[in-house]
Amino acid sequence: MLLRFCIIFACRNQAASYKKYAATMNILIVDTMHSSIFEMFREKGWAYTYQPQYDREQIIQNLPGFDGLIIRSKTKVNESLLSATKDLKFIARAGAGLDLIDVDYVQKMGIELFHAGTGNRDAVAEHALGMLLGLFNNLIKSDREVRSGVWDREGNRGVELMNKTVGIIGYGNNGMATAKRLSSFGCEVLAYDKYRDNYSDEFATAASVGEIQECADIISFHVPLTEETRFWMNESFINRVKNPFYLMNVARGEIVDLESLVNAMKDQK
């Protein structure tokens, strides 16, 4: 359904651009997709080739002649792939992240780029809250123990989310959706976003990274993976956090430096 969302977005917002060739649109799909997308293509009268088993070399060999390329997470789209064709008019990713796509080169080539930036924000936010509640209430640990015949009531007493201070780094689609849910649990939510101004709202208060490090009980990352954000949560970041804290990374794994994380856990930070 994410893909359906981003293609519908493309159709509605780029209708004028595509009008001259919409009737003959030919699309290559190289990742597994929900069946609803094929019905939509048929309704539009667009031709498509569905080859989710294609590896990179097969994509490069077969890409010429296609107007559109649809991917998910297996395919890195860069100059070496795109240089295989001059025909491509759009690329659509069934997902939110664009870290596998050389956005600058795509724009340089004049290729339209679409993704489902809002498509999974609520699912991600709900999943994040589910994981946090599971952690605070020892749900996984106690479930495993009970299945093994162990009843440790005192050892599995939980911690309430109420009145916890949560620092959200990256206040975009997922960050905002997560803040909305955290605020309803009685949390004080502080949000940092380098690329926004005046973004305090009913769910979160705009703050600096330093303010989050000073106050937060929970720090949650909701940023795209770029050279700027890679390993953002490292030893230096952790050392500037005043109190022991819980970490949620609701973004790419490489946002967090794993060695620094492991050392902080060993040190009870």
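Conventions and cut-offs
Residues numbered from 1 in each chain as written. Predicted model: local features only at pLDDT ≥ 70, side-chain atom pairs only at ≥ 80, totals over all residues. Heavy atoms only, no water. Phe/Tyr/Trp six-rings, centres within 6.5 Å; stacked < 30°, edge-to-face > 60°. Helix = DSSP H or I, 4+ residues; strand = E, 2+ residues; numbered from the N terminus. Buried < 20%, exposed > 50% of the residue type's maximum accessible area, 1.4 Å probe, protein only. Pairing = 2+ DSSP bridges. Axes fitted to C-alpha atoms, helices over the stretch in contact; angles between N-to-C directions. Contact = heavy atoms within 4.5 Å.

**Q** Before we go on, may I ask you to explain the packing of aromatic side chains in this structure?
**A** Each pair of aromatic rings is reported with the distance of its centres and the angle of its planes. For the structure on display, the rule yields 10 aromatic pairs. Taking 5.7 Å as the distance between ring centres and 45° as the angle between the ring planes, the aromatic pair formed by F41 and Y48 counts as tilted. For the ring pair F221 and W232, a centre distance of 5.9 Å and an interplane angle of 65° mean the geometry is edge-to-face. One end of the pair, F221, is in strand β9 (residues 218-221); the other, W232, is in the loop between β9 and α11 (235-239), with 11 residues separating them in the sequence. Its relative accessible area of 0% is what places F221 among the buried residues.

**Q** Which parts of the structure should I look at to understand the sheet that holds strand β2 (residues 47-50)?
**A** Strand pairing in a sheet relies on backbone hydrogen bonds. The paired strands run either parallel or antiparallel. An order of β2-β1-β3-β4-β5 is seen for the five strands of this open sheet, with the pairing classed as parallel. Every other strand in the sheet has two partners, leaving β2 and β5 (112-115) as the edge strands with one partner each. Ignoring strand direction, the axes of neighbouring strands in this sheet form an average angle of 15°. In the sheet, strand β4 (residues 90-93) pairs with β5 via four bridges, with the strands oriented parallel. Bridging across to β5, A92 finds its partner in F114. Seen against the sheet, helix α3 (residues 36-44) touches β1 (26-29), β2 and β3 (68-71) and runs at an angle of roughly 155° to β2.

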